[in-house]
Amino acid sequence: MTERWSRDQVLALAPDAASQKAANGVSAPRKWSAMGVSGSALWGECAGSGSKPYQACVDLSEPAYRCSCPSRKFPCKHALGLLLLWSADGVPPADAPAAWAAEWLDARAEKAAKAEEKKAEKADKPAEKPSEKDEGRARQREERVAAGLSELERWLSDQVASGLSDARQTGLAEWSDLAKRLVDAQAPGLAGTFTGLTRVFRDESWPGRLLGEYAMVHLLAVAHRRAAELPGDLRETVRQRVGYQVAKETVLALPPIRDEWQVIALRDEERDRLLSRRVWLHGRATGRVALVLSFAPPGQALDASLVLGTRVDADVSYYPGAAPLRALIADRYGTAVPAKTPASGVNVEGVPQMIADVLTRDPWTESWPLVITGARVGRDGKEWCLLGDSGQGLRLHPSAGDPWKLIAVSGGHPVTVSVEWTPDGLRPLTTWDENDEVVVL
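Keep in mind that this is a model prediction, so the values were computed, not measured. (Residues numbered from 1 in each chain as written. Predicted model: local features only at pLDDT ≥ 70, side-chain atom pairs only at ≥ 80, totals over all residues. Heavy atoms only, no water.)

1. Observations regarding the packing of aromatic side chains
For the structure on display, the rule yields 7 aromatic pairs. Relative to Phe-201, the ring of Trp-175 has its centre 5.7 Å away and its plane inclined at 20 degrees; by these criteria the two rings are stacked. Of this pair, Trp-175 sits in helix α6 (residues 167–184) while Phe-201 sits in the loop between α7 (188–195) and α8 (206–225); the two residues are 26 residues apart in sequence, bridging distant segments of the chain. No difference in accessibility class separates Trp-175 from Phe-201, as the two residues are buried. Consider the rings of Phe-201 and Trp-206, whose centres lie 5.2 Å apart with planes at 75 degrees: the pair is edge-to-face. Among the aromatic side chains, those forming a connected cluster through ring pairs are Trp-155, Phe-194 and Tyr-214. (Phe/Tyr/Trp six-rings, centres within 6.5 Å; stacked < 30°, edge-to-face > 60°. Helix = DSSP H or I, 4+ residues; strand = E, 2+ residues; numbered from the N terminus. Buried < 20%, exposed > 50% of the residue type's maximum accessible area, 1.4 Å probe, protein only.)

2. Notes on the packing of helix α5 (residues 132–162) against α6
Contact geometry for α5 and α6: axes closest at 9 Å, N-to-C directions at 160 degrees. Compared by their axis directions, α5 and α6 come out roughly antiparallel. Only Glu-174, Trp-175, Leu-178, Arg-181, Leu-182 and Asp-184 of α6 make contact with α5, whose side of the interface consists of Arg-144, Gly-148, Leu-149, Glu-151, Leu-152, Trp-155 and Gln-159. (Axes fitted to C-alpha atoms, helices over the stretch in contact; angles between N-to-C directions. Parallel < 35°, antiparallel > 145°, perpendicular 65-115°, else oblique. Contact = heavy atoms within 4.5 Å.)

3. A short note on empty space enclosed by the protein
All chains considered together, the criterion is met by 2 cavities of 30 Å³ or more. Here the largest cavity defines a volume of roughly 50 Å³. Along its surface, the largest cavity is lined by Thr-2, Trp-5, Leu-60, Ser-61, Glu-62, Pro-63, Ser-305, Val-307, Thr-310 and Ala-336. Counted by class, the lining of the largest cavity contains 5 nonpolar, 4 polar and 1 charged residues. Taken as a whole, the second largest cavity holds about 40 Å³ of empty space. When residues in the lining of the second largest cavity are grouped by element, the largest group, 3 residues, is from strand β7 (residues 289–296). For the lining of the second largest cavity, the residue count by class is 4 nonpolar, 1 polar and 2 charged. (1 Å grid on protein atoms, 1.4 Å probe; cavity = no way out; pocket = protein on both sides within 12 Å on 5 of 7 lines; lining within 4 Å. Points joined across faces, edges and corners; volume = space filled by probe spheres on them. Nonpolar A, V, L, I, M, F, W, Y, C, P; charged D, E, K, R; others polar.)

Written out as structure tokens, the structure reads:
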């Protein structure tokens, strides 16, 4: 039987805060009947507004969900409520799933078997060579991107020559126009840089920050122009920063890294009417970190196969680059199991050198996951920090606010914390309590 997850692990699967609240409302035992858990199958019938109860089932091995309710959210509140009951030891064991649950599980197993057959057939086929038409499109895009970045270099030169004093008044319109032109030039990565530049005005020293942003964009444009002179991994980084996509098939064809990967944190975001889920992994043997991304329209299912606080023996394939981080799960060897101990990491004093190494390889890095051990929460003046044994502090990101939850869990003692490094400070993601249970911050 699958070991139970914690409440935080269950709520981390919810597509939004409203779903978390609704799940709490249906997690009372009196709302459920015919509940049971058998192996990796969890099922139950929840009273709804109609005469028939809603049938909810969860395959805990992935996890995957099924419910007869009309909700367009995934997982729905009934699946989450059932998981909350199970996490609180409120679901009795059973010899076998209910008939309707078994039917769904059998269909899933059949579908998975067919997918494996197709994967094996595809692996046996020789790779297709690109057609002349595809090669022509690729050349045309290269030309458009080169022309767009050449125009961008001229624009940046003009900005520096004329000064930045008017940027607060004129910048928004200019950046919006420039982003549109870069999209037309098929360089969406650089276009996205300009759509988010208004953040520099939050800082009193915004002229210096804006100049720094322009310098990094200029560095990327020049690197693309001189890509033939760069090492292969750095060239791949430059192309992806500009906006060239790498196909999943290409990534999965690269040599994978097998390890026991612990899910140390996850975060959902909504931007431009698109949901994204960022899942951070930490390799138990290699110590490497990986970021798995998934996307979905609002209300649709995000990938929920990686559960916070678990670890899975798997092959991970990294997207090519000078400082590989984004990755895909290639193959799994067995199901996920609860991680019994916090992930290993680096102390506070070792963080600056680690980030310096990353930036040396990829100077455009704006986010990097870290596991910091032996950290205490404290202040450096008015700013909250994570403090090391030497008293050295790493400031927290302003969006972290007052980290009362982290303070409560630590109780003033050193703790292990997973964070997201950014140039503006560390974003606390998770920590581990005295029972080594993962806690979402």
